[in-house]
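Geometric and topological summary
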Amino acid sequence: MPAKLPQKIKSLRKKIEKIEKQARVDLEQAQTQQELENVRIKCLGRNSELAQLLKLIPELSLKYKPEFGRLVNTLKRTLEESLSGKNVLLRKLKQEQALKIDITMPGMIQESGTIHPLSQTLQEIMQIFLNLGFSVAEGPEIETDYYNFSALNIPEGHPSRETFHTFYIDTGDLLRSQTSPVQVRVMEKQKPPLRIIAPGRVYRPDATDASHSFMFHQIEGLAVDRNISFADLKGTLSVFINAVFGSKTKMRFRPHFFPFTEPSAEVDISCIICGGKGCRVCSFKGWLEILGAGMVDPNVFSAVKYDPQHWQGFAFGMGVERIAMLKYGITDIRLFFENDVRFLRQF
Ligand code: DAH
């Protein structure tokens with residue numbers, strides 16, 4: 001027996017060397033956690049060569065046991081350490097891969113939106129009046145009968161109060177059918193002189209078609225001061241019209257009736273398509289109606305406790321969609337509200 005010992009230990013060392021070498025090759029080749037697991041089973045599993053060596057230990061005589069045990073256990077530790085080292089490496093690689101930026105990939109396009117044509121029109125109009133010294137006022141979209149009608153000198157029984165012209169809600173209030181009530185709200189709070197414009201949404205129960213929408217936008221204007229005349233109204237509106245539609249655009253006032261102004265007029269511009277010759281857009285009239293206006297009715301001043309003997313004013317109201325449609329040659333009002341990017345991108 002003793003004579004065999006060196007040989008046994010020697011061949012054991014060789015075997016261990018072989019196992020280690022093979023393990024190095026296997027570990028080198030393992031590229032995934034699954035492959036690494038297979039290597040672990042091969043090196044440390046129940047049927048591994050290591051396991052067989054470990055099984056031998058109890059059978060060995062006391063003489064060989066310590067040396068044999070030491071060598072085999074060292075092998076076991078070496079294999080375990082190599083495996084866990086590779087495990088850490090693979091996990092790190094995987095993390096790096098996940099973070100890796102491929103600079104040859106096409107970039108992500110950040111689509112930038114455009115300002116809605118109505119907002120653009122609204123901003124343009126507001127800027128013109130701001131330059132003329134007007135300031136911006138706002139009022140609620142849910143209004144009372146008083147502000148939308150009574151205070152504006154619109155009597156009981158007036159057709160605009162009918163349910164087919166105004167949306168009423170359960171509380172007895174209504175969705176404002178015009179921005180004119182903002183005039184009253186501002187005058188109640190502010191002492192004259194004042195110059196305001198009031199942009200906002202208005203609602204009317206019209207059937208939707210190319211030129212009607214149950215909701216649209218208006219801009220109201222109001223100027224109150226001493227000695228304001230119809231000439232001031234004309235001058236202000238002509239500045240506005242020339243700024244929006246060009247200096248060649250002509251303006252005309254047609255007598256009309258609005259309960260809250262006296263005298264009242266509808267204001268037309270020479271057709272921006274045909275220049276006044278007559279075309280389909282202006283129904284061959286050469287003129288396009290763009291707003292209503294007039295001198296503030298004394299009854300409206302009385303409603304807000306302004307003395308009509310001391311104060312005069314002019315007012316006007318226009319539809320923003322109409323202005324935008326004329327300006328950009330848009331023929332269907334519904335396009336503003338459908339949010340079709342093919343339409344919106346053009347502005
Ligand atoms: N509120 C009117 C409408 O919706 C427009 C209007 C006309 C406003 C004359 C005014 C005005 O301030 O003076 O049809």
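Right, let's get into unusual backbone geometry. In most cases, non-glycine residues show a negative phi, while peptide bonds are predominantly trans. In the segment running from Pro192 into Pro193, the intervening peptide bond is cis, with an omega of 5°. The residue Pro193 is located in the loop between α7 (181–189) and β5 (194–203) in this model. Each neighbour pair has its own omega, and for Glu262 with Pro263 the value is 0°, a cis peptide bond. The residue Pro263 is located in strand β8 (residues 261–270) in this model. Positive phi outside glycine occurs at Asn153, with the angle close to 70°. You can see Asn153 is positioned in the loop between α6 (145–148) and β3 (167–168). The exposure class of Asn153 is partly exposed, given its relative accessible area of 26%. Of note in the backbone geometry, Ser283 takes a positive phi value of approximately 50° without being a glycine.

The next subject is the site of the ligand. Around the ligand lies a shell of 15 residues, among which Gln178, Ser180, Arg204, Gln218 and Glu220 are the nearest. Residue Gln183 places a side-chain N or O atom 3.0 Å away from an oxygen atom belonging to the ligand. A total of 350 Å² of accessible area belongs to the ligand in isolation, and the protein chains cover 89% of it. Secondary structure elements with two or more residues in the shell around the ligand: β6 (215–225), β9 (287–296) and β10 (312–319).

Domain annotation for the protein reports domain 1 (2–99) and domain 2 (117–344). Centre-to-centre separation of domain 1 and domain 2, based on C-alpha positions: 90 Å.

Across the 10 residues of β8, eight count as buried, placing the element largely inside the fold. Bridging between strand β7 (residues 251–258) and β8 involves seven bridges; their strand directions are antiparallel. The partner of His256 across the bridge, within β8, is Ser264. Where β7 folds back on β8, the antiparallel hairpin that results is connected by two residues. Across eight bridges, the pairing between β8 and β9 is antiparallel. When the sheet's bridge partners are listed, Glu266 is paired in β9 with Gly292.

Turning our attention to the nonpolar core. By size, the foremost hydrophobic cluster in this structure holds 44 residues, and its most contacted members are Leu237, Phe240, Ile290, Leu291, Phe316 and Met318. Elements that contribute at least two residues to this core include exactly α5 (117–131), β6, α8 (230–245), β8, β9, β10, α10 (320–328) and α11 (341–344). Apart from the residues within four sequence positions on either side, Leu237 is in contact with Met251, Phe253, Val267, Leu291, Ala293 and Phe316. Within the second largest apolar cluster, 25 residues are counted, among which are Val184, Ile196, Leu222 and Phe258.

Conventions and cut-offs
Residues numbered from 1 in each chain as written. Predicted model: local features only at pLDDT ≥ 70, side-chain atom pairs only at ≥ 80, totals over all residues. Heavy atoms only, no water. Helix = DSSP H or I, 4+ residues; strand = E, 2+ residues; numbered from the N terminus. Buried < 20%, exposed > 50% of the residue type's maximum accessible area, 1.4 Å probe, protein only. Near = heavy atom within 4 Å. Polar contact = N/O pair within 3.5 Å; in protein donor to acceptor, adjacent residues only side chain to side chain. Areas by Shrake-Rupley, 256 points an atom, 1.4 Å probe, with all protein chains shown as cover. Domains from an automatic or database assignment. Pairing = 2+ DSSP bridges. Core = buried A, V, L, I, M, F, W, Y, C linked by side-chain atoms within 4.5 Å. Contact = heavy atoms within 4.5 Å.

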